[in-house]
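Structural characterization, general
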Amino acid sequence: MMRLPKFRYYAPTTVREALRIRAGEGPDAAYVAGGTDLYPNMKRRQQTPKVVIGLSRVRALGRLRVGESGASIGAAVTLSAIETHRRMRRAYPALVHAIEEISTPPLRNMGTLGGNLLLDTRCNYYDQNYEWRQAIDFCMKKDGVICWVAPGSPKCLAVQSADSVPILIALSARAVLASPEGEREVPVEDLYANDGIHYLTKRPEELLTEIRVPKSEGWRTAYRKLRRRGSFDFPVLSVGVAVRLEGERVAEARIVLGAVASAPVRATRAEAILAGSSFDMAAITEAARAAAQPSKPMDNTDFSFLWRKEMTARWVSQALRGAASKGSLRKP
Ligand SMILES: Cc1cc2nc3c(=O)[nH]c(=O)nc-3n(C[C@H](O)[C@H](O)[C@H](O)COP(=O)(O)OP(=O)(O)OC[C@H]3O[C@@H](n4cnc5c(N)ncnc54)[C@H](O)[C@@H]3O)c2cc1C
Ligand code: SF4
């Protein structure tokens, strides 16, 4: 049985207190929200904080509001609170659908949206227990020096696998980060770096406090996820799309791929192909083909990477067709 290592636990009740504790404890401290990613990682000794700062009692992080200008989702709002929120379901069907696809109901009762955005990158050579990793002399992401996926690679290629991220980027969501210096707001898209180890641009001491999603009126959206098991599994390819029509023509399109690199990937050429088109099958097929080009999955998750690349065009096409027919929310 894998056991948690010893650690000191704090339960602040305000953002200011959480930041103060983090400033006092330094880099040995980690925030935890639902703990569905951090605690398994600690059991596998992938992350080894000596101090854990729990966020579940910080009330400001647990607020969820949907108003005229969009949604404000506290970073510690649970995934199940979002999926059962009537106004969220109506206003952001594709985001809710993506959230429904995350792990299992008990884990969604604990897991939070903030934790999902900041999920550790994944790799078959890394998501193993300590003894397994020790047997291969570890790898560059933790305790070792070499990358087993691409031994010549100067950087880790572990995969960004959070379900909510591609569709949040397609919806132009923004993240609010707090630190002792104050608050800053960044597009969710800018939170990520294409490096499996340093996969966040957020500074380690910064606390993610809120996710702001602009109003989605006029946008057609969809989320599509490829995984082995329908019951629960991380995505090995995911697609978030948002398309805005003006009259019969596409005014703006956003297509975002997940699980094909260490950061989410914008399919900008495909977006340009759709813009100005009449959003018909010809345009969708051409855009889907173009979207597969920046998709460069590596051989470090489930399924063959060549097949995952091949599936990109098909998944983008399905997502765009879903958006065209406005049918992006599957009822539970
Ligand atoms: C069996 C299993 C299946 C899973 N399947 C999926 C899946 O299909 N799709 C998917 O996307 N995820 C999946 N997950 C991962 C996880 O459950 C979700 O990503 C969940 O949303 C993580 O949220 P959390 O609150 O539990 O994160 P935590 O574990 O609390 O935190 C995750 C990371 O974010 C940091 N953090 C959390 N909140 C903040 C904050 N507010 N500010 C700064 N740092 C913060 C933590 O320090 C940690 O590094 C799965 C997990 C398990 C165990
Ligand atoms: S991509 Fe390479 S360095 Fe990164 S976790 Fe996998 S094996 Fe390790």
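One can find the structure itself at the top, above this paragraph.
Residues numbered from 1 in each chain as written. Chains lettered and ligands numbered in written order. Predicted model: local features only at pLDDT ≥ 70, side-chain atom pairs only at ≥ 80, totals over all residues. Heavy atoms only, no water.

1. Notes on the site of ligand 2
Every one of the 13 residues lining ligand 2 counts as a neighbour, but Cys123, Cys139, Cys147, Cys156 and Leu157 are closest to it. For the shell around ligand 2, the per-class residue count stands at 11 nonpolar, 1 polar and 1 charged. (Near = heavy atom within 4 Å. Nonpolar A, V, L, I, M, F, W, Y, C, P; charged D, E, K, R; others polar.)

2. Focus on the site of ligand 1
Around ligand 1, the structure places 32 residues, and the nearest of them are Tyr31, Ala33, Thr36, Leu38 and Thr112. Contacts to ligand 1 include Ala33, whose backbone N or O atom sits 2.7 Å from an oxygen atom. Backbone polar atom of Gly35 to an oxygen atom of ligand 1: 2.8 Å apart, as the coordinates give it. Secondary structure elements with two or more residues in the shell around ligand 1: strand S2 (29–32), helix H7 (113–117) and strand S8 (207–214). Grouping the amino acids of the shell around ligand 1 by side-chain chemistry returns 16 nonpolar, 10 polar and 6 charged. (Polar contact = N/O pair within 3.5 Å; in protein donor to acceptor, adjacent residues only side chain to side chain. Helix = DSSP H or I, 4+ residues; strand = E, 2+ residues; numbered from the N terminus.)

3. Thoughts on the pattern of salt bridges
Following the criterion strictly, the structure yields 24 salt bridges and no others. Linking Arg184 and Glu206 is a salt bridge whose minimum nitrogen-to-oxygen distance equals 2.7 Å. With a gap of 22 residues between them, Arg184 in strand S7 (residues 182–187) and Glu206 in the loop between S7 and S8 connect regions that are remote in the sequence. The class of Arg184 is partly exposed, set by a relative accessible area of 31%. Accessibility expressed as a relative area gives 2% for Glu206, which makes it buried. Shared partners join several salt bridges into a network, and the residues in it are Glu181, Arg184, Arg203, Glu205 and Glu206. (Salt bridge = Lys/Arg side-chain N within 4 Å of Asp/Glu carboxyl O. Buried < 20%, exposed > 50% of the residue type's maximum accessible area, 1.4 Å probe, protein only.)

4. Some remarks on the nonpolar core
Ranked by size, the top nonpolar core spans 41 residues in total, and within it Ile73, Met88, Leu113, Leu117, Leu168, Ile211 and Val213 carry the most contacts. For Ile73, the contacting residues outside a window of four places in its chain are Arg63, Leu64, Ile82, Met88, Leu113, Thr209, Glu210, Ile211 and Val213. (Core = buried A, V, L, I, M, F, W, Y, C linked by side-chain atoms within 4.5 Å. Contact = heavy atoms within 4.5 Å.)

5. Quick look at the pairing of strand S10 (residues 237–246)
For a regular strand, side chains alternate in direction, first toward one face of the sheet and then toward the other. Of all 10 residues in S10, 7 are buried, a share of seventy percent or more. With 8 bridges joining them, strand S9 (residues 219–226) and S10 adopt antiparallel strand pairing. From the neighbouring strand, Thr221 faces S10, where its bridge partner is Ala242. Taken together, the 9 bridges between S10 and strand S11 (residues 249–258) define a ladder with antiparallel strand orientation. Of the residues in S11, the one forming a bridge with Val239 is Leu257. What sits between the antiparallel neighbours S10 and S11 is a turn of 2 residues, in which Gly247 has the positive phi angle 65°. (Pairing = 2+ DSSP bridges.)

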